[in-house]
Every structure is written in structure tokens, then in C-alpha cells.
Amino acid sequence: MTETKTVHALDGFFADTAEGPRLLGSRCATCGTAYFPRSAMCHNPACDLSKTEDTELGAEGTLWSVAIQNYPPPPPSKYNEPYQPYAMGVVDTSDGLRVLTQIATEDPHALTIGCKVRLVIDELYRDKDGTSVLTWKYRPVV
Amino acid sequence: MRDVAAIGFGLHPWGKFNDKSVGELCRFAVEKALADAGVGWREVQAVAAASSRFSGGKGWGLNGNDIVEDMGSTGIPVYNLSAGCAAGANAFNIGWTLVASGAHDVVLVVGGEKMPKGFIQTSGNEEKTDPEFVRQRMIGMPGPAFWALLCRRRMAEFGTAEEQLAKIAVKAHKLSVHNPNARFRDEFTLEKVMSSAMVSYPLRLFEICPVSDGAAAVLLCSADFARKKTTAPVWVASSAVATARFDDGIPRGLACPAPKDGRAYHSEAAMAVEKALAAAHIGPRDVDFVELQDNTVYYELAFPEDWGLCQPGEAERLMEAGETMPTGKLPINPSGGFLSFGEATTAQGVFQICELGWQLRGQAGPRQVPDAKIGLAQTLGLGGNGTATVLKR
Ligand SMILES: [Zn+2]
């Protein structure tokens, strides 16, 4: 059996680190605000000195809201055929981000707002040549 | 600042017009507004127009220039304003400023749009620096899904039922029956809305506005000029524009800082409304009716609460009690709203203001808000643009 080739849907947004999957963001050293994706500038108007530094974020959080993508989304979205509706969510991470995401789950209707979730790297779709194209998702912690 | 009057309102009906150019739609609306005001084209001293992303404007959003060339090249200044779906009301704000400041006495405000089919798509640029592209490619999350997420959160907080969402669409179409300018003028039963396709749970197809073509124009002028033309002008009590705040909890790209209180609200809209009410020296409860941007039924619940027109969690009950109908305590979208018109993105801010004008003049027929004295219109657009306009008689 050959191992499936994988590729990130876009580079520079997430990484599989020694500690587990992380979002590649930044944090302002002055005011502590977290950003995803990376931001050259701190956008906080109350911050006196923009000083953003690259950091890894978003390992875990709480589901703020959830919805279902019932119809196949138009381009530039991509998905596997035949189309299966999937869950999308808004996650408040424990390190201060409110991030948009797909939710990795077998039962989108069973998700409850307020549940604990963990960042995973998961397949978004398969390319024509069989390459598994990956993105970040959150999965409920059971 | 001087008093500013609105003395002419003109609309091309909303719909899909494959055999008409956006220029024709605009000309129709402009001629209607000029005739309504009793003003000739050569009296117009400046044009403030919404820049369209989809049609006309020589591909540069120069839609005001198209109108001036079409109506007669008198050499007047043209201001083309771009603010996503808020562009029409943004142009109105500039038109109002031009008259209020004394720079011009007679200014025409126009928005016209022909929309491509389907839900609004991304710019087509596949660049990692475009957050719209990244969101759709990496998360598969188109626009309606974003509304669904906000709506589902409300359902969890306030117990909003799916049937209550559908009833808002039913109400919109009850009113559209009486609006000859609306695109969808049939009554929708609750069953029809509930059995429409689920687009993004919890939102169904008839709970989301489609895209349309349309054009609208408003003629603004000084008080002295208005007195020469009419004995009962409608007055611009205020016009305000705002952009989104850093801390409002709405992730506009991929993420935003998570607010400590867990809340999310459209600060660009709330701030524009707050500024407009303050400038008009009125409180939220003094507003007789509202035309708000109902891209989806959710906003008809959330916005009145965000702006203090009613208490948090109260909107569903008011709607079910009929209080958001023209004869109720808090009439919302007597025009039928975007749900009945569809979204002609850059034109709709001007269409809302036309509806305010007709309501305040008592010309709205069976959808009339009885004895309407103060009306509020609101839009919001991509980039965190928000507008609010208060008209009074
Ligand atoms: Zn900072």
C-alpha cells in the first residue's frame, strides 16, 4: 500500500507541529491581541505600539456557533464528489481568537454550541491525481 | 451645516432585465426623480453616484460619469463612491454633505446595478492576501453560510424557532404585494417558505435575498431651492457613515479577536445608526419606521435590538404580534425589503431612501405607515462599511 500524498490547500495558514496542529498567526507583544492569519500590523486602536510576532495558535476552543453548508458552494470552494453537506463553525479559541472553520464531524446536526473543540488537520478534497488536499478544521472533543 | 431637503424620488422597478443596460435603468430612475422634483437636468449642480462592481462605469466604477454623459454633459462635478453594498447610501451621504456644506444647491444621488446570476461571488482573484478567497477555498464558506452562523447563535441565545425565521419572509411578501417596484410581489405562505430549499441550515432559500437589477435616484437641495419647488419637502434630518470597530466580534476575514463578553454585532451599522440618531437629536424610540438591510431574515431580528429600537430578545415576539407591520409599534421594511426586491447591491441604499420619502409624504398606498414623521434607513457593505439616514417631514 502506498501512502497518500498530501498537500495544504494554501501554504502558510497551519502546520503540524511537535505539539500538534496549530494555526500560523501572530500576537502583538504590546497589547496581546492574537491574529490569524499573520498580520504585519496590530489593528487594535487602543494599542500604543504595533509589535506583532509570529506565533502558533488555536489548539483548542469552544464552539460559538455552527451552521451547515447544505448546497455545494460555488468556486473557489472545492469539495469531494458526490457532495456531502458539511458543518461550519465559529470557534472561540482559548488563546483569544474567534476563528471561522469547518467542523470535522460525521453528524453535523448533532453539534451543540458551547461544546469543546480541538484543532485538526483534515482533508478538504482529493485532487484529480489522488493527492489529499488539507485544511484546518475543528473536531468536537468527546 | 445648512438644512437639506429631498424633493425628488425615482426608482426603476427591481427585477431581472436582460434586454436593458444599467444606463437605461439609471436614466429611468433619474428622469423619475427629476420629474418628481419638478427640476430640469440643467439645474443639477453635482452628481454623487454609487460605484458599481458589476455593471457600467467603464469598468472603473465611474457610474456617475455614465449618467452625466447620458443626461447631458453639462460639465458638473461627479463623485463616484465605492462602499460595497453600502455604496448607494454612501453616495447619499456625500450628496447631503455637498448641499449641507453650501458647496452646491442641487445635487443628484444615483445608484444603479445589474447583477450577475446566483449568490454574490468572490472577485475571482486567487490570492492568499484576499481573505474572501482564502475563506471560500480553505473553509468552503460562502456568504449565506456567514449569515447562518450568526442566525444559529441567536437561536441558541434566544430560542428563535425556524418557523419564526420563516414568518419574517412571509411578512415581507405580505407588503411586497402592495409595492409595484418590488420584484417578488406574490404572497408567500408559511408552508412555501418552510418548504423552500435549505441553503445553509438554519436559513432557507426564501429567507435569503436573491440578486436583482435596479436603479434609484434622489434629488437633494437647499431649503431656499426647495421652497421654490414644493410646499412640503421631506428633510434630511441626518446622514451618517461609519466603518467597523476592531472589537465587535464579527470575523470578517478568517478570524477576529474573541470578545470577552462573547458578543458579535455589526458595529459599522450600529455606529452609523447611533451617529445618525444623535445628529437628528432623536432617540431610537422616536423612529416611526425603519428600512433596514435584510439580506436575510436574521437581520430583521438582530438589528432593531442592536440599535435600541427594542429590547434584546424581544424582536421575535414583536414580529409575531404584528408590531413590525406598517400599523404596528415598530414597522420594519414597509417596502417589502430586500427579501421582496432582491439585492441590486449599490442601488439599494438609494431605493431605501426613496421608500422613506414616499412614506413621509403619505404616498405609500396600502403599505403606508400611518402618520409617519421620522424614518430611518440603514445599509452595510463589504469592507465594514455602514450607513444610516434619517428623513423627516
Ligand atoms: Zn497591539
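Above: the structure in question.
Novice: How should the overall build of chain A be read in this particular structure?
Specialist: Looking only at helices and strands, chain A features zero helices and 10 strands. Each of the three principal axes of chain A carries a C-alpha extent, and together these read 50 × 35 × 30 Å. For chain A, with 142 residues in total, the buried portion stands at 49%. By sequence separation, contacts in chain A at least 24 residues apart represent 53% of the contacts at least 6 residues apart. Summed over its atoms, the accessible surface of chain A is roughly 7100 Å², and 50% of this surface lies on carbon and sulfur atoms. Distance between charge centres in chain A, computed from 13 positive and 18 negative side chains, equals 2 Å.

Novice: Quick question: what am I supposed to make of the interface of chain A and chain B here?
Specialist: Interface size is commonly expressed as the accessible area that is lost once the parts come together. Listed by partner, the interface residues are 44 residues for chain A and 40 residues for chain B. Carbon and sulfur atoms make up 66% of the area that chain A and chain B hide from each other, which totals about 3600 Å². Of all residues in chain A, A:Pro76, A:Arg98 and A:Leu100 bury the most surface against chain B, accounting for 22% of the area lost on that side. Inspection of the chain A/chain B interface yields 20 residue pairs in polar contact (both at pLDDT 80 or more). Elements with a minimum of two residues in the side of chain A that touches chain B: strand S6 (60–69), strand S7 (86–93), strand S8 (97–103) and strand S10 (132–140) of chain A. A class-by-class count of the residues in the side of chain A that touches chain B yields 27 nonpolar, 13 polar and four charged. Here S8(A) runs beside strand S9 (residues 255–257) of chain B; their pairing, made up of three bridges, is antiparallel.

Novice: Please explain the packing of helix H1 (residues 22–37) of chain B against helix H2 (residues 63–71) of chain B as it appears in this structure.
Specialist: A pair of packed helices is captured by two measures, namely the crossing angle of their axes and the spacing between those axes. All names here are of chain B. Between H1 and H2, the least distance of the axes is 10 Å, while the angle of their chain directions is 70°. The angle between H1 and H2 falls in the class roughly perpendicular. Both H1 and H2 take part in a crossing whose hand is right-handed. Of H2, the residues touching H1 (which contributes Gly23, Cys26, Arg27, Val30, Glu31 and Leu34) are Ile67, Asp70 and Met71. In the contact of H1 with H2, the residues fall into five nonpolar, one polar and three charged.

Novice: Help me out: how do you make sense of helix H10 (residues 297–306) of chain B in this one?
Specialist: Each α-helix winds once per 3.6 residues, and so residues spaced three or four apart point in a common direction. Residues and elements named next belong to chain B. Of all 10 residues making up H10, nine are buried, and the element is well covered by its neighbours. If you check which residues of H10 are buried, you get Val297, Tyr298, Tyr299, Glu300, Leu301, Ala302, Phe303, Pro304 and Glu305. Downstream of H10 by one or two residues, Gly308 has phi in the positive range, about 80°.

Novice: Sorry, what's going on with the sheet that holds strand S3 (residues 78–81) of chain B here?
Specialist: The strands making up a sheet associate through hydrogen bonds between their backbones, and the pairing can be parallel or antiparallel. Residue and element names in this part refer to chain B. The mixed open sheet is built from nine strands, whose spatial order is S3-S2-S4-S7-S1-S8-S12-S11-S10. Every interior strand has two partners, whereas the edge strands, S3 and strand S10 (289–291), have only one. Geometrically, the sheet is characterised by an average inter-axis angle of 20° between neighbouring strands, direction not taken into account. As defined by bridge partners, strand S2 (residues 46–50) adjoins strand S4 (residues 106–113) across four bridges and the pair is classed as parallel. Considered in S4, the bridge of Ala46 is made with Val107. Lying on the sheet, helix H9 (residues 267–279) is in contact with strand S8 (234–243), strand S11 (374–381) and strand S12 (385–392); it crosses S8 at an angle near 145°. Along the sheet, helix H13 (residues 348–361) contacts strand S1 (4–15), S4, strand S7 (213–222), S8, S10, S11 and S12; its crossing angle with S1, the most-contacted strand, is approximately 120°.

Novice: Teacher, can you tell me more about the pairing of strand S3 (residues 20–28) of chain A here?
Specialist: Along any regular strand the residues' side chains alternate between the sheet's two faces. All names here are of chain A. In terms of burial, S3 is a largely internal element, seven of the nine residues being buried. Pairing between strand S2 (residues 14–17) and S3: four bridges, direction antiparallel. Bridge pairing in S3 places Ala15 opposite Arg22. As consecutive antiparallel partners, S2 and S3 are separated by two residues. As defined by bridge partners, S3 adjoins strand S5 (residues 52–57) across six bridges and the pair is classed as antiparallel. In the strand pairing of S5, Cys28 is matched with Thr52. Where S3 lies against strand S4 (residues 34–35), two bridges are found, and the strand directions are antiparallel. Bridge pairing links Arg27 to Ala34 in S4. If you look at the hairpin formed by S3 and S4, you'll find five residues sitting between the two strands, and Gly32 has a positive phi there, around 85°.

Novice: What is the right way to read helix H5 (residues 143–158) of chain B from this model?
Specialist: Residue and element names in this part refer to chain B. With 16 residues, H5 should reach 22 Å at 1.5 Å per residue; the first-to-last C-alpha distance of 23 Å fits that figure. The element H5 is largely enclosed, with a buried count of 12 among its 16 residues. Within the sequence span of H5, burial applies to Pro144, Ala145, Phe146, Trp147, Ala148, Leu149, Leu150, Cys151, Arg152, Arg153, Arg154 and Met155. Immediately beyond the C-terminal end of H5, within one or two residues, lies Gly159, with a positive phi of roughly 75°.

Procedures and definitions
Each residue is numbered by its place in its chain's sequence as written, counting from 1. To read the labels, note that chains go from A and ligands from 1, taken in the order they are written. Given that the model is predicted, a residue must reach a pLDDT of at least 70 before its local features are reported, and side-chain atom pairs must reach 80 or more before they are shown or counted; all residues, however, enter totals for whole chains, interfaces and linings. Excluded from the side-chain calculations are hydrogens and water; all other atoms, namely the structure's heavy atoms, are used. Helix and strand assignments follow DSSP, with helices taken as H or I runs no shorter than four residues and strands as E runs no shorter than two, numbered in order from the N terminus. Each residue gets one of three labels from its accessible area relative to the maximum for its type: buried under 20%, exposed over 50%, partly exposed in between, using a 1.4 Å probe on protein chains only. Contact definition: two residues touch when any of their heavy atoms are within 4.5 Å. Where accessible areas are quoted, they stem from the Shrake-Rupley method and a 1.4 Å probe; at the residue level, only the protein chains shown are allowed to cover. By the counting scheme adopted, Arg and Lys are positive, Glu and Asp are negative, and His together with the chain ends is not counted. Throughout, a charge is located at the NZ atom of Lys, the CZ atom of Arg, the CG atom of Asp or the CD atom of Glu. Buried area is a sum: the accessible area each of two parts loses on coming together, probed at 1.4 Å, counted once for each and added. Polar contacts here mean pairs of N or O atoms no more than 3.5 Å apart (in protein, one a potential hydrogen donor and the other a potential acceptor; neighbouring residues in sequence count only if both atoms are side-chain atoms). Asp, Glu, Lys and Arg are counted as charged, while Ala, Val, Leu, Ile, Met, Phe, Trp, Tyr, Cys and Pro are counted as nonpolar; the rest, among them Gly, fall into the polar class. The criterion for strand pairing is that DSSP finds at least two bridges linking the strands in question. Axis angles are defined between N-to-C directions and span 0 to 180 degrees, where every axis is a line fitted to C-alpha atoms and, for a helix, only to the segment in contact. For this classification, under 35 degrees means roughly parallel, over 145 means roughly antiparallel, 65 to 115 means roughly perpendicular, and everything else is oblique. The crossing is said to be left-handed when, going from far helix to near helix, the turn is anticlockwise and less than a right angle, and right-handed when the turn is clockwise. How far a helix is expected to stretch is found by multiplying one less than its residue total by 1.5 Å.

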